[in-house]
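One letter stands for each residue in the lines below.
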Amino acid sequence: MKIRKTSCIALLVLTASFTTAESTALNRINNNSSAAVAQAPVEEELSPVPICDRNGKWGYADRSGKVIVPCKYDYVEPFNEGIALLNSGNTRFIIDKQGKQIAVKGQYDWIYTISEGMLPVSKNGKYGFIDTKGREVIPCKYEEPGYMELGEEFYYSVTFSEGLAAVVLNGKFGFIDKTGKTVIPFRYKYAGSFYNGF
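In this report, the structure presented in the accompanying data block is examined. The shown structure was predicted, so the numbers you read here are calculated from the model rather than taken from an experiment.

Applying the stated rule across the entire model yields 4 salt bridges. Note that Asp74 and Lys57 form a salt bridge whose closest N and O atoms lie 2.4 Å from each other. Placement of the pair is Asp74 in the loop between β4 (67-73) and β5 (75-76) and Lys57 in the loop between β2 (49-53) and β3 (58-61), with a sequence separation of 17 residues.

Structure below.
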C-alpha cells in the first residue's frame, strides 16, 4: 500500500466551505495565536479543524478557536467518522473529537484512513483491520495489494466499501466482510471496491 506524503504547505492550500460563524472562529484562531488554519475538508460540522504553527507542527482547534490538540505533531488528517489520524515521526496516533488518544491494542507499522468504521493496519508487510476503539478485528494476514496499470499506475487501497473489502491472499484478490469472513473467493488477478452494488 502506497501513501503520498503531504507537506504542511500543501495542506494549507486546501479549501472548504465554512459558514459565517465557522469563518469567524477560524479568523479568531489566526488573529489570536501563532497557528495558521488549514482549511481542509471536514466531514462533520462539529469536528475540530487542523491547525499548523509557524514551526510546521500540527494540531487541532474547535470552531470557537479553542485549541483541542496542541501543535506538536508532524502530520494530521481531517476528522472522518468521528476520529482523526496524526503522526509524530514514524508513530501513528488515533484521537477522538475531544482530542483524547485512542489506545491501539497492538503494534502496527502503519494505520490507514478509516472507512465504514474500520481502519486498515499493516504489520511486517501484511494487512488487517482495527475498529474505532483500537481493537484488532481482522488479523494482519493479507498481502500487499500492489498496483495495476490503467493508462497510469493505480495503487490499490485496502478499505471497506458497501461492507466488503478487496484483499489479497496467496497472490489472488477476493472479498471479505467486516468479520473477516470470505464472501467472494480469492481467485481474481485484480479487484476494486464496490460502489452502488457493483
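Time to look at unusual backbone geometry. One can expect most non-glycine residues to show negative phi and most peptide bonds to be in trans. The phi torsion at Asn124 lies on the positive side, around 55°, for a residue other than glycine. Mapped onto the elements, Asn124 comes out in the loop between β9 (118-123) and β10 (126-131). Owing to a relative accessible area of 65%, Asn124 belongs among the exposed residues under this scheme. The residue Asn170 is not glycine, and still its phi comes out positive at about 55°.

Judged by pairing direction, the sheet is antiparallel, and its 4 strands sit side by side in the order β8-β9-β10-β11 without closing on themselves. The open sheet has two edge strands with one neighbour each: β8 (110-111) and β11 (136-142). Relative to β10, β9 is paired through 6 bridges, and the arrangement is antiparallel. If you follow Ser122 over to β10, its bridge partner there is Tyr127.

What follows is about the sheet that holds β5. Pairing is antiparallel across the open sheet formed by 3 strands, whose spatial order is β5-β6-β7. Of all the strands in the sheet, the pair left with one neighbour each is β5 and β7 (91-96).

Rules behind the numbers
Residues numbered from 1 in each chain as written. Predicted model: local features only at pLDDT ≥ 70, side-chain atom pairs only at ≥ 80, totals over all residues. Heavy atoms only, no water. Salt bridge = Lys/Arg side-chain N within 4 Å of Asp/Glu carboxyl O. Helix = DSSP H or I, 4+ residues; strand = E, 2+ residues; numbered from the N terminus. Buried < 20%, exposed > 50% of the residue type's maximum accessible area, 1.4 Å probe, protein only. Pairing = 2+ DSSP bridges.

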